[in-house]
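# Descriptive structure summary
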Amino acid sequence: MTVESSSAPPAKRIKLGIPKAPSGRRIIKNDDAPIIEIPPHPLGIKPSGNVFAAPYNLRDTPSSGLFGRLPDEVIIEVLGFFDVKSLIAIGATSKCLYAFSRAEELWKALYIELTNSPTPPPTTWLGTWRNTLLSLPASSTTTIQAPHLYSDALYRPFFCAHHPYSPFTSGIPKGNLIPRYANLSPSEFTKHTTRPFILTDPITSWPALKKWTPQHLLEKYGDRPFIAEALTWPFATYNDYTLNCAQDESPLYLFDKTFTTKTAMGEDYTVPELFREDYFTVLGDERPDFRWLVLGPPRSGSTFHKDPNATSAWNAVVRGQKYWIMFPPSTPPPGVFVSEDKSEVTSPLSLMEWFLNFHAEARATAGCLEGICKAGEVLYVPSGWWHAVVNIGDEVGIAVTQNFVTRGGVAETLRFLSEEAMSVSGFNCEMVKDPYGLFRERLSEIYPEILKEAEEALEKKGGKWERLMKEKEAPKTSGGLFGFSNFDDESSDEENQNDEAAEDKVTASGKEEVDS
Amino acid sequence: MSEMIKLQAANNAPVEISRGAAKFSRLIRQLLEDDEAGKVIQINEVSEPVLKKVVEWCEYHAKAFIEAGNEEEEDDDPSEDPWEDRTPETVKWSREKFFLVDQEMLFELILAAHFLEIRSLEDDGCWVTAQMIKGKSAEETRRTFANANNASANGSNGAANASNGTNGTNGAQANGADDKVDEALSYGRTEESRRSEEGSRPGSPATNAPTEAEEDVPVRSP
């Protein structure tokens with residue numbers, strides 16, 4: 001298994017016979033899989049577990065000063081309140097604190113904080129958040145070694161940043177594969193709206209497939225600002241980032257909902273015919289955010305979430321490849337916990353942490369679907385389905401995604417807008433004070449039969465609906481790319497459960513490994 | 001809620017806390033989930049004086065929570081913090097009045113908050129600690145926080161160690177503070193060379209590659 005800090009006795013770790021490569025690389029042996037090599041930490045920091053065989057831990061020496069009383073993660077928390085100058089200064093007091101002051105998460109947070117200040121940071125990407133913020137070229141970066149510092153809080157993000165995804169994204173069991181079709185007719189789709197699938201034909205003639213390359217975007221839109229999570233950067237800066245972001249545990253992901261207004265890219269693609277029936281169109285300009293340009297380096301991705309407002313989505317890969325892992329609405333994935341009132345979704349902080357800790361269990365859980373969507377293919381995400389995505393392969397991934405409301409999904413969206421008003425997102429709050437009221441009103445004007453059908457379905461369910469799950473909770477996570485955190489895991493579940501029974505999911509023991 | 005929960009500090013001294021205040025600790029919240037009436041919660045990690053201070057903080061917050069117009073919920077989710085957006089006055093009290101304590105108590109409170117999982121208390125403690133250090137020079141910080149100072153050996157090893165294979169210590173520095181990193185370098189090496197003389201480890205700590213030397217060490221019992 002992977003080298004993880006744990007309370008495993010030292011003897012066990014050494015008996016694994018972890019070979020020592022001359023380069024000092026840490027090698028992990030897994031019987032079923034190829035050997036994984038993690039390079040040494042640039043400052044020589046090691047995982048906490050290794051301390052058992054070591055003569056001492058630097059953080060338990062006077063090198064940490066009074067900070068030695070605090071656990072590693074609390075030290076980092078204190079440092080999180082520092083400004084740039086103070087962080088540099090404290091890094092100069094001792095080797096131990098130097099190592100702590102170098103934690104990239106601190107510099108990334110400072111960078112983001114300064115972005116919204118009167119003194120925004122430089123936008124020339126120099127390989128790490130610290131280098132970029134300080135305008136420090138790699139050649140001037142100190143790397144004072146701290147080989148006797150054993151600290152998971154410092155080592156783990158580095159480990160996660162360098163652990164490959166391939167052991168998780170390969171060998172998908174046959175029973176888990178997301179079905180792949182050339183295309184579906186509207187009537188076939190009606191029978192398939194509550195289960196994910198991949199289509200290989202509909203977007204093959206999109207101009208985007210030929211035009212959208214990082215080079216092209218750089219030439220045309222290098223100066224234009226694009227939204228990448230908490231930052232807005234000129235494309236040129238983001239492009240530089242994608243070419244040199246190996247140190248980032250969770251690579252910054254470009255997710256821009258305004259791309260059609262600031263570029264001509266909207267002309268390079270069309271909504272696949274199958275997905276054009278979209279009942280949020282009744283809202284016209286008042287509809288919530290619904291389309292995004294999605295662009296990111298390999299290893300960028302999204303942690304588990306459900307899409308906003310109980311909408312469905314299609315996600316078309318223009319370049320690169322995406323690995324998807326999905327769960328039905330009523331089956332939160334292992335390692336993901338939903339609070340009782342559904343206002344919080346919590347999971348381990350980074351995508352790789354989730355993969356390291358929970359992927360094996362997830363793969364073996366009934367209901368799990370996995371698949372790789374390649375360039376020229378489009379994936380359908382039914383309303384309410386949990387999903388996590390990673391860009392795999394060697395090239396920057398470029399995709400476009402849109403959210404929409406299917407005919408069958410009108411009921412669920414109505415319910416969501418009315419019962420989970422706190423979690424509704426993407427609407428312009430100034431313009432739309434009552435999303436539920438507006439949606440209902442427009443439906444009654446334009447598609448009264450659909451509204452009637454939806455409300456009848458809701459009435460039937462409402463009376464006998466009971467919550468089946470009580471989830472426990474776990475450490476908090478960030479809000480997610482859409483900026484929402486509220487999900488419903490019910491309602492369309494009845495449909496899903498029937499479908500799932502019909503699918504006859506194979507359990508762990510019955511699964512075969514398949515190269516996908 | 002007037003119901004009092006019984007806690008016991010490290011020395012078994014009893015400390016009482018109201019249920020509303022107890023909710024600020026995620027650990028206690030979860031323990032209360034499997035509540036049996038009259039149960040005493042043993043908190044061996046926290047000494048009596050510190051625990052009393054923690055209770056003071058929680059009681060203040062429970063009261064301020066109600067005064068701010070919030071309603072205490074009966075069946076609230078133990079996973080959620082009872083009061084995530086505190087009023088500015090409450091934050092000010094916590095950071096500027098409550099934490100007017102000596103350094104020793106400051107760290108004890110942070111550790112207690114960490115153990116009991118009282119998010120805002122831990123945050124405030126860390127914030128206060130940060131304020132004590134911010135704006136100080138490296139030397140002043142060393143004095144305040146007593147990073148071990150083998151002052152005698154500081155300068156002399158500097159030159160020898162700087163050549164010992166850590167890359168990039170020369171070359172243009174972005175700002176003056178990075179010059180002080182040389183000090184840190186020599187400081188750290190001194191510490192390490194001293195220890196390697198004492199210990200039985202083969203291999204020099206000053207080599208460029210991260211030492212794998214410790215993996216050669218025979219397993220010691222923890």
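As named in an unreviewed UniProt entry, chain B is SKP1 component POZ domain-containing protein, taken from Ascobolus immersus RN42. According to the UniProt record, the Function (unreviewed entry) comment for chain B reads "Essential component of the SCF (SKP1-CUL1-F-box protein) E3 ubiquitin ligase complexes, which mediate the ubiquitination and subsequent proteasomal degradation of target proteins. Controls sulfur metabolite repression, probably by mediating the inactivation or degradation of the metR transcription factor." The Sequence similarities (unreviewed entry) field of the UniProt record for chain B holds the comment "Belongs to the SKP1 family."

With an unreviewed UniProt entry as reference, chain A is termed Clavaminate synthase-like protein, source organism Ascobolus immersus RN42.

Within chain B, the regular secondary structure consists of nine helices and three strands. The order of α-helices and β-strands along chain B, N terminus first, is β-β-α-α-β-α-α-α-α-α-α-α. For chain B, the proportion of contacts with a sequence separation of at least 24, taken over those separated by at least 6, is 63%.

If you look at the biggest cluster of nonpolar residues, it comprises 139 residues, and the most contacted ones within it are Trp107, Trp212 and Phe275 of chain A together with Leu7 of chain B. Per element, the largest residue contribution to this core is nine residues, and it comes from helix H3 (residues 48–67) of chain B. Residues in contact with Trp212 of chain A, not counting those within four places in the same chain, are Phe259, Met265, Asp268, Tyr269, Leu293, Val318, Arg319, Ile398 and Val400 of chain A. Grouped together as the second largest cluster of nonpolar side chains are 20 residues, Val410, Leu417, Val424 and Phe427 of chain A included.

A few words now on the domain arrangement of chain A. All names here are of chain A. According to the domain assignment, chain A consists of domain 1 (48–162) and domain 2 (165–447). Computed from C-alpha coordinates alone, the two centres of domain 1 and domain 2 are separated by 34 Å. Taking both sides of the interface into account, the surface hidden between domain 1 and domain 2 amounts to around 1600 Å²; carbon and sulfur atoms contribute 58%. On inspection of domain 1 and its partner domain 2, the count reaches two salt bridges. A salt bridge links Arg156 to Glu353; the nearest nitrogen and oxygen atoms lie 3.0 Å apart. For the pair domain 1 and domain 2, the number of links is eight residue pairs in polar contact (both at pLDDT 80 or more). Mapped by element, the contributors of at least two residues to the side of domain 1 that touches domain 2 are helix H5 (104–115) and helix H7 (152–162). At seven residues, H7 tops the list of elements feeding residues into the side of domain 1 that touches domain 2. Tallied by class, residues from the side of domain 1 that touches domain 2 come to ten nonpolar, five polar and two charged.

Geometrically, a packed helix pair is captured by the angle between its two axes and the distance between the axes. All names here are of chain A. Their axes nearest at 8 Å, the elements helix H15 (residues 410–419) and helix H16 (residues 435–446) cross at an angle of 145°. Note on packing geometry: the crossing formed by H15 with H16 is left-handed. Contacts between H15 and H16 involve Val410, Thr413, Leu414, Leu417 and Ser418 on the former and, on the latter, Pro435, Tyr436, Phe439, Arg440 and Leu443. Looking at side-chain class alone, the contact of H15 with H16 contains seven nonpolar, two polar and one charged residues.

Below, the discussion takes up the sheet that holds strand E2 (residues 14–18) of chain B. All names here are of chain B. If you trace the three strands from one edge of the open sheet to the other, you get E2-E1-E3, paired in mixed fashion. If you trace the sheet from one side to the other, it starts and ends with E2 and strand E3 (40–42), each paired once. Adjacent strand axes in the sheet meet at a mean angle of 35°, parallel and antiparallel pairs treated alike. This element, H3, spans strand E1 (4–8) and E2 of the sheet and lies at about 10° to E2.

Turning next to the packing of helix H4 (residues 88–98) of chain B against helix H6 (residues 119–133) of chain B. Residues and elements named next belong to chain B. Their axes nearest at 10 Å, the elements H4 and H6 cross at an angle of 50°. Here H4 is positioned oblique relative to H6, judged by the angle of their axes. Judged by the twist between their axes, the crossing of H4 over H6 is right-handed. Where H4 abuts H6, its residues Ser94, Arg95 and Phe98 lie against Leu121, Asp124, Trp127 and Val128. Its residues assigned to classes, the contact of H4 with H6 shows four nonpolar, one polar and two charged.

All right, on to the sheet that holds strand E8 (residues 291–296) of chain A then. All names here are of chain A. Pairing within the open sheet is mixed, and its seven strands lie in the order E3-E4-E15-E10-E17-E8-E7. Only two strands of the sheet have a single neighbouring strand rather than two, namely strand E3 (180–181) and strand E7 (254–256). Bridge count between E7 and E8: three bridges; the pairing is antiparallel. When the bridges of E8 are listed, Asp256 appears paired with Leu293.

It is worth spelling out the pairing of E8 of chain A at this point. Residue and element names in this part refer to chain A. By the criterion of burial, E8 is predominantly enclosed, with five of the six residues buried. Of the strand pairs in this sheet, E8 and strand E17 (residues 397–404) are connected by six bridges, and their pairing is antiparallel. By the bridge assignment, Val294 is partnered in E17 with Ala399.

Here we take up unusual backbone geometry. Residues and elements named next belong to chain A. You will see that Arg299, though not glycine, has its phi angle at about 85°, which is positive. Relative to the helices and strands, Arg299 resides in the loop between E8 and strand E9 (301–305). Of note, the phi angle at Asn309 is positive, near 55°, even though the residue is not glycine. Considering the arrangement of structural elements, one finds Asn309 in the loop between E9 and strand E10 (312–319).

What follows is about the state of the cysteines. Applying the stated rule across the entire model yields zero disulfides over all chains. Of the cysteine sulfurs around Cys245 of chain A, a residue in no disulfide, the closest is that of Cys160 of chain A, at 15 Å. The structure places no disulfide on Cys126 of chain B, whose sulfur is separated from the nearest cysteine sulfur, that of Cys96 of chain A, by 16 Å.

Let us look at the pattern of salt bridges. Residues and elements named next belong to chain A. Enumeration over the complete set of coordinates arrives at 31 salt bridges over all chains. Residue Asp60 is joined to Arg59 by a salt bridge in which the shortest nitrogen-to-oxygen separation is 3.2 Å. Sharing partners across several salt bridges, the network here consists of Glu412, Arg415, Glu419 and Glu420.

Right, let's talk about the confidence of the model for chain B for a bit. Residues and elements named next belong to chain B. On average, residues of chain B score 70 in pLDDT, and 59% of them reach the 70 mark or higher. Note on residues 149–222: pLDDT under 50 across the span, and 122 contacts to partners over four residues away in sequence or across chains. Note on the complex model: pTM 0.78, ipTM 0.75.

For the structure on display, the rule yields 41 aromatic pairs over all chains. Taken together, a centroid distance of 5.1 Å and an interplanar angle of 75° make the contact between Phe280 of chain A and Phe439 of chain A edge-to-face. Taken together, the positions of Phe280 of chain A in the loop between helix H13 (259–262) and E8 and Phe439 of chain A in helix H16 put the pair 159 residues apart, joining distant regions of the chain. You'll find Phe280 of chain A and Phe439 of chain A in the same group, each marked buried. Judged by centre distance (5.4 Å) and plane angle (40°), the rings of Trp93 of chain B and Phe98 of chain B are tilted. An identical accessibility class is assigned to Trp93 of chain B and Phe98 of chain B; each is buried.

With that settled, consider helix H12 (residues 235–243) of chain A. The set of residues buried in H12 of chain A consists of Phe235, Thr237, Tyr238, Asn239, Tyr241 and Thr242 of chain A. Those residues of H12 of chain A that are buried are in contact with helix H6 (129–134), helix H11 (214–221), strand E5 (225–228), strand E6 (231–234), E7 and E8 of chain A.

Reading the values: rules and limits
- Residues numbered from 1 in each chain as written.
- Chains lettered and ligands numbered in written order.
- Predicted model: local features only at pLDDT ≥ 70, side-chain atom pairs only at ≥ 80, totals over all residues.
- Heavy atoms only, no water.
- UniProt positions renumbered as here; feature names shortened; annotations may be inferred.
- Helix = DSSP H or I, 4+ residues; strand = E, 2+ residues; numbered from the N terminus.
- Contact = heavy atoms within 4.5 Å.
- Core = buried A, V, L, I, M, F, W, Y, C linked by side-chain atoms within 4.5 Å.
- Buried < 20%, exposed > 50% of the residue type's maximum accessible area, 1.4 Å probe, protein only.
- Domains from an automatic or database assignment.
- Buried area = accessible area lost by both parts, 1.4 Å probe.
- Salt bridge = Lys/Arg side-chain N within 4 Å of Asp/Glu carboxyl O.
- Polar contact = N/O pair within 3.5 Å; in protein donor to acceptor, adjacent residues only side chain to side chain.
- Nonpolar A, V, L, I, M, F, W, Y, C, P; charged D, E, K, R; others polar.
- Axes fitted to C-alpha atoms, helices over the stretch in contact; angles between N-to-C directions.
- Left-handed = near helix turned anticlockwise from the far one by under 90°.
- Pairing = 2+ DSSP bridges.
- Parallel < 35°, antiparallel > 145°, perpendicular 65-115°, else oblique.
- Disulfide = S-S within 2.5 Å.
- pLDDT = per-residue confidence, 0-100.
- Phe/Tyr/Trp six-rings, centres within 6.5 Å; stacked < 30°, edge-to-face > 60°.

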